[in-house]
Amino acid sequence: MAKVYLDHNGTTPLDPELKLKIPDFLDLWGNPSSIHWAGRETKSRIQKIRHQIAESFGISPLEIIFNSGGSEGNNTVIKSVFQILGHERPHFLVSSVEHPSVMKSYEAIKALGAHVEKIPVSRSGQIDFEFIQSRLSEKTAMVSVMLANNETGSIYPIKALADLAHSKGALFHCDAVQGFGKIPFQLKDLGVDYATFSAHKFYALKGTGFLYVKKGSPYVNLVHGGGQERHRRGGTENILGILSLGFMAEKLSEVSLQFDRIEKLRNYFEARILSEIPDVVVNSAQGLRLPNTSSLILQDVDGETLLMSLDLKGFAVSTGAACSSGNPEPSPVLLALGLSREEAQSSLRVSLGWQTSQAEVDLFIETLKSVVIRLRSLKEDSKVIR
Ligand SMILES: Cc1ncc(COP(=O)(O)O)c(C=O)c1O
């Protein structure tokens, strides 16, 4: 049975060239905090990668803090800002379609007294600017809106949102995890104060990422310890992870050559699905979207059953966020878009990677068609029997 992976927003496979490099990376084992040759060798490689990432995003190397990835970055920013500014500015605004690492960090500071308001989004995924305008005040500490949504692929107008937050003296935090390696952008152009990144969404190793903290922005450690990362994140660095991230950051321009091809493939997939399977809706198709993501509602099909049937045939897809799989509750992101529980439970997320082929997509379309027909007819039969 062919195995086809179409869940690249959940995580990505290791880049094949990176996989070949990993044995060499293991030779770099010195503790970067040690001042002897073994430590210095590692430290200088990490610094090189820091400079290279900073250059590709148009920022200063001092603004990068290596950490364990997106969840840690989001927790650090939200808890930091609350701890430092919470008394003076207890109000926070967060989009209603954020990843759980953002939502749950906000729940945590809410329990400590923060006043957190969710920014509504329209059915087509547009952020409600007027709501933000009406709620922003000198009591607002920070606004959080992600660069791109992991479920629908919607891309948000970060520069305009950050300018709006700054006009009232509020900070701006952007979860850029899903944008990294999927769309071209420069952090300096986004105008944000904080941005979070994860290596495993970009063909590198899991458990690694980095946090961008604009020079002068309020910051306290989430992890206290040694003096690593200029005293901003304790703990011996994940050297292998950082080297893998550096390797992929170097390949960023090579991967970005694939953006157009992936977008065409995604559009081809959606066009065929819409014409060959009745009663299908593509979520948030009207606005700007990640080139690789397709979020579908397949009426009268249970998403979990569909996912399991496709899995049995070798296809890896998702019904929503990977972290919510095994959870029978419909996706909070789709509910926030205004979908009914039933619609949200009939969802399927397909996310292509830079190595996904046309043949894989064709095979998937044929399988999806037959599985959907079977599940719909089973549902009809069960209605008749009842
Ligand atoms: C938008 C978004 N933010 C944050 C995360 C969490 O990143 P990590 O797995 O590195 O903690 C994810 C991963 O699913 C994500 O999609």
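Residues numbered from 1 in each chain as written. Predicted model: local features only at pLDDT ≥ 70, side-chain atom pairs only at ≥ 80, totals over all residues. Heavy atoms only, no water.

1. Notes on helix α6 (residues 158–167)
Test applied: Burial here depends on accessible area, computed with a 1.4 Å probe over protein chains only, as a share of the maximum for the residue type. Under 20% is buried, over 50% is exposed, and the range in between is partly exposed. A run of H or I in DSSP becomes a helix once it reaches four residues, and a run of E becomes a strand once it reaches two; helices and strands are each numbered from the N terminus. The reported arc concerns the directions from the helix axis to the C-beta atoms and nothing else. Should any heavy atoms of two residues lie within 4.5 Å, those residues are counted as being in contact.
Among the residues making up α6, those that are buried are Ile 158, Leu 161, Ala 162, Leu 164 and Ala 165. An end-on view of α6 places all buried positions within 160 degrees of arc, on one side of the element. Those residues of α6 that are buried are in contact with α5 (129–135), β5 (140–144), β6 (171–175) and α7 (187–190). At the exit of α6 stands Gly 169, carrying a positive phi of roughly 80 degrees.

2. Digging into the site of the ligand
What counts here: One heavy atom within 4 Å of a molecule or strand is enough for the residue carrying it to be called near that molecule or strand. For the purposes of these results, a polar contact is taken to be a pair of N or O atoms within 3.5 Å, where, inside protein, one atom must be able to donate a hydrogen and its partner to accept one; residues adjacent in sequence count only when each atom of the pair is a side-chain atom. Each accessible area is a Shrake-Rupley result for a 1.4 Å probe, and residues are judged covered by the shown protein chains and nothing else. Any residue that is not Ala, Val, Leu, Ile, Met, Phe, Trp, Tyr, Cys, Pro, Asp, Glu, Lys or Arg is counted as polar, Gly included; the first ten are nonpolar and the last four charged.
Around the ligand, the structure places 14 residues, and the nearest of them are Ser 71, Asp 175, Gln 178, Ser 198 and Lys 201. Asp 175 places a polar side-chain atom, nitrogen or oxygen, 2.6 Å from a nitrogen atom of the ligand. Residue Ser 198 places a side-chain N or O atom 2.6 Å away from an oxygen atom belonging to the ligand. Relative to its free-state accessible area of 400 Å², the ligand is covered by the protein chains to the extent of 86%. In terms of residue count, helix α3 (residues 70–85) provides more of the shell around the ligand than any other element does, three residues in total. Looking at side-chain class alone, the shell around the ligand contains two nonpolar, ten polar and two charged residues.

3. Observations regarding the sheet that holds strand β7 (residues 194–198)
Note the cut-off: Any two strands with at least two DSSP-identified bridges between them are counted as paired. In this analysis an axis means a line fitted to C-alpha atoms, helices contributing only their contacting stretch, and an angle means the value between N-to-C directions, from 0 to 180 degrees.
Here we have seven strands laid out as an open sheet, ordered β2-β8-β7-β6-β5-β3-β4, and mixed in their pairing. Looking at the sheet topology across the chains shown, the edges are occupied by β2 (64–67) and β4 (115–119). Each strand axis lies, on average, 20 degrees off the axis of its neighbour in the sheet, ignoring direction. Note: β7 against strand β8 (residues 209–213), five bridges, orientation antiparallel. When the bridges of β8 are listed, Ser 198 appears paired with Gly 209. Helix-sheet contacts for helix α2 (residues 37–57) involve β2, β7 and β8, and the interaxial angle to β2 is about 120 degrees. Contacting β5 and β6, α6 crosses the sheet at an angle of about 155 degrees to β6.

4. Re helix α1 (residues 16–25)
Given 3.6 residues to a turn, an α-helix orients residues that are three or four positions apart in the same direction. Here α1 has its buried residues at Leu 18, Ile 22 and Phe 25. Along the axis of α1, the buried residues cluster in a sector spanning 70 degrees; they form a single face. For α1, the secondary structure elements touched by its buried residues are α2 and α9 (239–250).

5. Overview of the pairing of β4
Defined as follows: Call a crossover right-handed when, viewed with both strands pointing away from you, the route from the first strand across the helix to the second goes clockwise.
In the sheet, strand β3 (residues 91–95) pairs with β4 via five bridges, with the strands oriented parallel. Each residue of the ladder has a partner; that of Val 94, found in β4, is Lys 118. In this view, the connection linking β3 to its parallel neighbour β4 by way of helix α4 (residues 100–111) has right-handed handedness.

6. Comments concerning the environment of Ile 119
Residue placement: Ile 119 occurs in strand β4. Overall, the relative accessible area of 0% leaves Ile 119 in the buried class. When the C-alpha positions of Ile 119 and Val 97 are compared, they lie 8.7 Å apart, and in sequence the two are 22 residues distant. Contacts of Ile 119, omitting those with residues within four sequence positions, involve Leu 93, Val 94, Ser 95, Ser 96, Ile 127, Asp 128, Phe 131, Ile 132, Val 143 and Val 145.

7. Observations regarding the environment of Lys 201
Examined against the element boundaries, Lys 201 turns out to sit in the loop between β7 and β8. The exposure class assigned to Lys 201 is buried, which follows from its relative accessible area of 13%. Along the chain, Lys 201 and Asn 9 lie 192 residues apart, while their C-alpha atoms are 6.6 Å from each other. Here Lys 201 is in contact with Asn 9, Gly 10, Thr 12, Val 177, Gln 178, Phe 180 and Lys 182, once residues within four sequence places are set aside. A polar atom in the side chain of Lys 201 sits 2.9 Å from the backbone oxygen of Asn 9.

8. Considerations on the domain arrangement of the chain
The cut-off we apply is this: Where each domain begins and ends follows an automated or database-derived domain assignment. Here the buried area means the combined drop in accessible surface, using a 1.4 Å probe, for two parts upon being joined, counting both sides. Each reported salt bridge corresponds to a side-chain nitrogen of Lys or Arg within 4 Å of a carboxyl oxygen of Asp or Glu.
When cut into domains, the chain gives domain 1 (16–253) and domain 2 (258–381). Placing the centre of domain 1 and that of domain 2 at their C-alpha centroids yields a distance of 29 Å. At the junction of the two partners, domain 1 supplies 27 residues and domain 2 supplies 27 residues. For the domain 1 and domain 2 pair, buried surface summed over both sides reaches about 2,200 Å², with 60% attributable to carbon and sulfur atoms. Looking at the side of domain 1 facing domain 2, the largest losses of area belong to Arg 123, Glu 151 and Thr 152, adding up to 34% of the total buried there. If you look at where domain 1 meets domain 2, you find one salt bridge. Of the charged contacts, one joins Glu 343 and Arg 123 as a salt bridge, the two residues approaching to 3.3 Å between their closest N and O atoms. Scanning the region where domain 1 abuts domain 2 turns up seven residue pairs in polar contact (both at pLDDT 80 or more). For the side of domain 1 that touches domain 2, the per-class residue count stands at nine nonpolar, 13 polar and five charged.

9. Re the sheet that holds strand β9 (residues 280–282)
Hydrogen bonds between backbone groups are what pair the strands of a sheet, and the pairing can be parallel or antiparallel. The three strands are arranged β9-β10-β12 in an open sheet whose pairing can be described as antiparallel. Lying at the two open borders of the sheet, with one neighbouring strand each, are β9 and β12 (347–351). Averaged over all pairs of adjacent strands, the angle between strand axes in this sheet comes to 25 degrees, irrespective of strand direction. The pairing of strand β10 (residues 293–298) with β12 spans five bridges and is antiparallel. Residue pairing for β12: Thr 293 is matched across the bridge by Ser 351. Its contacts with the sheet place helix α11 (residues 259–276) against β9, β10 and β12, and it is angled at close to 10 degrees to β10.

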